Amino acid sequence: MHGYANPARFLKLARPATGWLLGVGALLLAAGIYGGLFVTPPDYLQGETVRILYIHVPAAWLGMAGWASIAASSISQLVWRHPLAAVAGRALAPVGAVFAALCLATGSIWGRPTWGTWWEWDGRLTSMLILFFLYLGYIALASAERERGGEGRMAALFGLVGAVNLPIIHYSVLWWRTLHQGQSISIAQGSSIAPELLWPLPLTMVGFTAIFAAVTLMRMRAELARQKLEARLRRSAAE
Amino acid sequence: MMVRPKHQRLVLLILAVTALIGAVLFAMWGLQDRAAYFVTPSDIAAGKTAPGKSMRLGGMVVKGSLKRNPDGLTIRFAVSDTKAETAVVYRGITPDLFREGSGVVAEGRLGPGGLFIADTILAKHDERYMPPQMANQ
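The shown structure was predicted, so the numbers you read here are calculated from the model rather than taken from an experiment. Sequence order sets the numbering: in each chain, residues are counted from 1 along the sequence as written. Each chain is given a letter, starting from A, and each ligand a number, starting from 1, according to the order in which they appear as written. Where totals are concerned, whole chains, interfaces and linings use all residues; where local detail is concerned, this predicted model gives features only for residues with pLDDT of at least 70, and gives and counts side-chain atom pairs only at 80 or more. As a rule here, side-chain values come from all non-hydrogen atoms in the structure, and water together with hydrogens is ignored.

1. Focus on empty space enclosed by the protein
Every definition here rests on a 1 Å grid over the protein atoms only: cavities are sets of points where a 1.4 Å probe fits but cannot get out, pockets are open sets enclosed by protein on both sides within 12 Å along at least five of seven lines, and lining residues have some atom within 4 Å of a point. Grid points are joined across faces, edges and corners, and a volume is the space filled by probe spheres set on the points. Scanning the model with the defined rule gives two cavities of 30 Å³ or more in all. Contributing to the lining of the largest cavity are Q77(A), A86(A), R90(A), Y138(A), A142(A), G152(A), A155(A) and A156(A). Residue type decides the class: Asp, Glu, Lys and Arg count as charged, Ala, Val, Leu, Ile, Met, Phe, Trp, Tyr, Cys and Pro as nonpolar, and the leftover types, Gly among them, as polar. Residue composition of the lining of the largest cavity, by class: five nonpolar, two polar and one charged. Forming the walls of the second largest cavity are D43(A), Y44(A), L45(A), Q46(A), H125(B), D126(B), R128(B) and Y129(B). Along the lines of polarity and charge, the residues of the lining of the second largest cavity split into three nonpolar, two polar and three charged.

Here's what the structure looks like:
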């Protein structure tokens, strides 16, 4: 891991990885969306409405995985002062926020025809909305710190503390009575989604994740390029 | 010793995170009752709810209990959590997924005689998804 602490070495790996992730992600996503929209049968209870699952579930996963990645880069910044950690945190936040928002929007659209409501303040919906607000707070804090020339330590602390919301989101449907149903897929109990309906989900999950990674790498590269440019401008101004 | 400050930061961080997780667990444990989105028929039977106060009632619609009044709009049904039952009356349009044997959340208040007067009906479905042919088997 620390071999890639060097931004030059990171860039050497990130440049080809971006294209590959983007290409593979787009292919998997196209296959998953096609399967989910045209090939799988409708649900016995919800009918065609169930197809929004193939977007909603990956969006929820990436909204949470995005913050888990921010927390990981926060730790690596606070403990090891990893030079790429703050860059990674700032690159991740808007991407994660977009997926958290997508999860909330698709959930709302799904909730209206199935539950009969756009929004309810139950444990799962509320904790997911808090995650979205945490993203907005992190983005504001990290960019304010960057403008002041700080190392982003406050943002890292915020990223770490905000991670306590992740188990709350995950266990909300177990701990509390909620309108949102319990989890359909678990390691211990397998899947309660029939195989006929399930198969496009891993495709869109991995596809969205690859695109998430590609966009994050692009943002990290852009940030590193900007830092390089700023350093060069400072040097030429000093001469 | 070059690694000292690094180790110190790591130990501090682990302590802080442990304390934080502990605090959150305590808070969530304390919230358990208050964060519940609905009450159950058992709660009502145990007298944990105040009559006339607005609340949400959740459970399963008892099979065979759904009756429609001649006006076509008013329905009566029983909600069960397998331990107790509460009778519900509602006037209005129900969501498509509202049906006998399925989950329901009713917003309203407890009227005289233990009858729950609902203003809103929400359908609660479970975590299973399957094709129609499989559900018929």
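2. What about the interface of chain B and chain A?
Contact with chain B, which involves 38 residues of that partner, is made by 41 residues of chain A. Buried area is a sum: the accessible area each of two parts loses on coming together, probed at 1.4 Å, counted once for each and added. At the boundary of chain B with chain A, total buried surface from both sides reaches about 3600 Å², with 65% on carbon and sulfur atoms. Of all residues in chain B, Y37(B), H125(B) and Y129(B) give up the largest surface area on contact with chain A, accounting jointly for 21% of the area buried on that side. We count a salt bridge whenever a side-chain nitrogen from Lys or Arg sits within 4 Å of a carboxyl oxygen from Asp or Glu. Applying the counting rule to chain B against chain A returns two salt bridges. Between R56(B) and E120(A) there is a salt bridge, with its nearest N and O atoms 3.8 Å apart. Pairing of N or O atoms within 3.5 Å defines a polar contact, subject to two protein rules: one partner must be a possible hydrogen donor and the other a possible acceptor, and residues neighboring in sequence count only if both atoms are side-chain atoms. The interface formed by chain B and chain A contains 17 residue pairs in polar contact (both at pLDDT 80 or more). Secondary structure elements follow DSSP: runs of H or I no shorter than four residues count as helices, runs of E no shorter than two count as strands, and numbering proceeds from the N terminus. Only α1 (4-31), β5 (103-110), β6 (116-124) and α3 (132-136) of chain B provide two or more residues apiece to the side of chain B that touches chain A. In terms of residue class, the side of chain B that touches chain A is built from 24 nonpolar, three polar and 11 charged. In this analysis, two residues are considered to be in contact whenever any of their non-hydrogen atoms come within 4.5 Å of each other.

3. Quick word on the UniProt feature "domain: Cytochrome c assembly protein" (unreviewed entry) in chain A
Taking the UniProt record as the reference, the feature "domain: Cytochrome c assembly protein" (unreviewed entry) is found at residues 27-180 of chain A. Structurally, residues 27-180 of chain A is divided into 76% helix and 0% strand, and its ends, taken at the C-alpha atoms, are 31 Å apart. UniProt positions are given in the numbering used here, feature names are shortened, and annotations may be inferred rather than shown by experiment.

4. Structural notes on the packing of helix α1 (residues 7-39) of chain A against helix α8 (residues 200-238) of chain A
Residue and element names in this part refer to chain A. Following both chains from N to C, one finds α1 and α8 inclined at 150°, their axes separated by 6 Å at the closest point. Considered as vectors, α1 and α8 are oriented roughly antiparallel to each other. Where α1 crosses over α8, the two elements pack in a sense that is left-handed. Broken down by class, the residue content of the contact of α1 with α8 amounts to 24 nonpolar, seven polar and two charged. Comment: axis = line fitted to C-alpha atoms, over the contacting stretch for helices; angle = value between 0 and 180 degrees taken between N-to-C directions. Roughly parallel covers angles under 35 degrees, roughly antiparallel covers those over 145, roughly perpendicular covers 65 to 115, and oblique covers all other angles. Should the near helix be turned counterclockwise from the far one by less than a right angle, the crossing is left-handed, whereas a clockwise turn marks it as right-handed.

5. Let's talk about the UniProt feature "transmembrane region" (unreviewed entry) in chain A
All names here are of chain A. Here, UniProt's "transmembrane region" (unreviewed entry) annotation points to residues 20-39, 59-80, 92-111, 123-142, 154-177 and 197-218. The distance separating the terminal C-alpha atoms of residues 59-80 is 31 Å; by composition the span is 100% helix and 0% strand. Annotation note: span residues 154-177, helix share 83%, strand share 0%, distance between end C-alpha atoms 35 Å.

6. A closer look at the layout of surface pockets
All names here are of chain A. Here the largest pocket defines a volume of roughly 960 Å³. If you list the elements that add at least two residues to the lining of the largest pocket, you get α2 (53-80), α3 (85-114), α4 (123-147), α6 (165-175), β1 (185-186) and α8. When residues in the lining of the largest pocket are grouped by element, the largest group, eight residues, is from α2. Residues of the lining of the largest pocket, tallied by class, amount to 24 nonpolar, 14 polar and one charged.

7. What about the environment of I168(A)?
With respect to the helices, strands and loops of the structure, I168(A) is situated in helix α6. Any residue under 20% of the maximum accessible area for its type is buried, any over 50% is exposed, and the rest in between are partly exposed; the area is computed with a 1.4 Å probe on protein chains only. For I168(A), a relative accessible area of 10% corresponds to the buried category. Along the backbone, I168(A) and V95(A) are 73 residues apart, and their C-alpha atoms lie at a distance of 21 Å. With near-sequence residues (within four places) excluded, I168(A) lies in contact with S127(A), W175(A), W176(A), V24(B) and M28(B).

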